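Analysis of the macromolecular model
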Amino acid sequence: QDLPCLLYLVFEGNHEEVRAQVARSGAEAMAGGARDLGPALAQAYWDDRHARAERWRDSIRPVAPTRRWSGGQWRADYLHLSLPLGAVLDYKRQAEAIVREHGLMIQEAAVWTDPRLFSVLVADPQEGGRDPRGERQRSLGLAVDRLLELTLEMGGGIEYCHGIGLKLAHLAEREWGDALPLARRLKAALDPKGTLNPGKLGLG
């Protein structure tokens, strides 16, 4: 179906609570010009929501870690962002423009549990094809960094789920601000030999 946006809604709780949530959210959506497509699409998405990850897992399982990323076949990244409530829709619009500039697409975007927790799956439409010079991989990296920088510019946080870790350590100073020197002092006091998660959170 040619739809500008497909919104999946899932509710949990006791039967009375869920029925009230369904009725209220449906009324709000209809008032905003939405069309109810019935439960079948949402059920199919729910049943298959792990299929992409399972395919990815099965495709890399026989490949040694040292070779896993060398061909640049898996060109996608999942960003878990926290944003001010009023910035989520504007962020999504700007993010779509950024990924288009890099020849990429936002395959999924969703709010998780709290309306300020926003996750984005950025993918290369040519994922799976060869990238011998790494150009597509570099485009993905540049786009992801720009999306993370935009998050910080809008007053958000760049990883609500897994933490900054090694991958995002280059943005630790912008993410933590004045709190980072204190965190480094605490880290040095509690782990003077640097044996616990070395390099994580920009504290290496």
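All chains use their own residue numbering, which begins from 1 and follows the written sequence. Residue-level local features of this predicted model are given only where pLDDT is at least 70; pairs of side-chain atoms are given and counted only at 80 or more, and the full residue set underlies all totals for whole chains, interfaces and linings. Only heavy atoms go into the side-chain values, all of them from the structure, while hydrogens and water stay out.

1. Notes on the nonpolar core
Spelled out, the test is: In plain words, nonpolar cores are sets of buried Ala, Val, Leu, Ile, Met, Phe, Trp, Tyr and Cys residues tied together by side-chain atoms within 4.5 Å. Here's how the labels work: a residue is buried when its accessible area is under 20% of the maximum for its type, exposed when over 50%, partly exposed in between, all with a 1.4 Å probe on protein chains only. Only DSSP runs of H or I with at least four residues qualify as helices, and only runs of E with at least two residues qualify as strands; both kinds are numbered from the N terminus onward. Working rule for contacts: check all heavy atoms of both residues, and any pair within 4.5 Å makes them a contact.
Ranked by size, the top nonpolar core spans 29 residues in total, and within it Tyr91, Val122, Leu147 and Leu148 carry the most contacts. Residue assignment for this core shows that the elements contributing at least two residues are strand S1 (76-82), helix H5 (88-101), strand S3 (117-123), helix H6 (135-153) and helix H8 (179-190). It is H6 that provides the largest number of residues to this core, a total of seven residues. Every residue in contact with Leu147, bar those within four places of it in the chain, is listed here: Leu79, Tyr91, Ala95, Ile98, Val99 and Val122.

2. Looking at the layout of surface pockets
What counts here: Throughout, the protein atoms alone are placed on a 1 Å grid, and a set of points is a cavity if a 1.4 Å probe fits but cannot get out or a pocket if it is open with protein on both sides within 12 Å along at least five of seven lines; lining residues have an atom within 4 Å of a point. Grid points are joined across faces, edges and corners, and a volume is the space filled by probe spheres set on the points.
Computed from the structure, the second largest pocket encloses a volume of approximately 200 Å³. Looking at the second largest pocket, the residues that line it are Asp77, Tyr78, Leu79, His80, Leu148, Ile158, Glu159, His162, Gly163, Ile164, Lys167 and Leu168. Examining the composition of the lining of the second largest pocket, we find that four residues originate from one element, S1, more than from any other.

3. Let's talk about the packing of aromatic side chains
As a reminder of what qualifies: Geometry of aromatic contacts follows a simple scheme: Phe, Tyr and Trp rings, the Trp one being its six-membered ring, pair when their centres are within 6.5 Å, and the pair is stacked under 30 degrees between planes, edge-to-face over 60, tilted otherwise.
Within this structure, the stated rule accounts for two aromatic pairs. A ring pair is formed by Tyr8 and Tyr45, whose centres lie 4.3 Å apart and whose planes are at 10 degrees; its orientation type is stacked. One end of the pair, Tyr8, is in the segment before helix H1 (15-31); the other, Tyr45, is in helix H2 (residues 40-48), and 37 residues separate them in sequence. Assessed through its relative accessible area of 33%, Tyr8 is described here as partly exposed.

4. Description of a nonpolar patch on the surface
Rule in force here: Any residue with relative accessible area above 30% and no salt bridge may belong to a patch, with like charges joined within 9 Å and the nonpolar Val, Leu, Ile, Met, Phe, Trp and Tyr side chains within 5 Å. Here the accessible surface of atoms and residues is derived via Shrake-Rupley with a 1.4 Å probe, and residues count as covered only by protein chains that are part of the display. The term salt bridge refers to a side-chain nitrogen of Lys or Arg lying within 4 Å of a carboxyl oxygen of Asp or Glu.
On the surface, Leu6, Tyr8, Leu37 and Leu41 cluster together to form a nonpolar patch covering roughly 290 Å² of accessible area. Note on placement: Leu37 falls in the loop between H1 and H2. Looking at Leu37, the relative accessible area reads 31%, which means it is partly exposed.

5. Observations regarding the environment of Glu96
In this structure, Glu96 sits in helix H5. Taking the C-alpha atoms as reference, Glu96 lies 6.6 Å from Ile106; in sequence the two are 10 residues apart.

6. Observations concerning the pattern of salt bridges
A complete count under the given rule lists 10 salt bridges for this structure. One salt bridge connects Arg75 with Asp124, and the closest N-O pair in it is separated by 2.7 Å. Taken together, the positions of Arg75 in the loop between helix H4 (65-68) and S1 and Asp124 in the loop between S3 and H6 put the pair 49 residues apart, joining distant regions of the chain. Since its relative accessible area comes to 2%, Asp124 is described here as buried. Across the pair Glu135 and Arg133 runs a salt bridge whose closest N-O atoms are separated by 3.2 Å. Within the structure, one salt-bridge network assembled from shared partners comprises Arg75, Asp124 and Arg136.

7. Brief notes about the environment of Arg35
Its place among the elements puts Arg35 in the loop between H1 and H2. Judged by relative accessible area, Arg35 falls into the exposed class, the value being 57%. Considered as a pair, Arg35 and Leu6 are 29 residues apart in the sequence and their alpha carbons are 9.8 Å apart.

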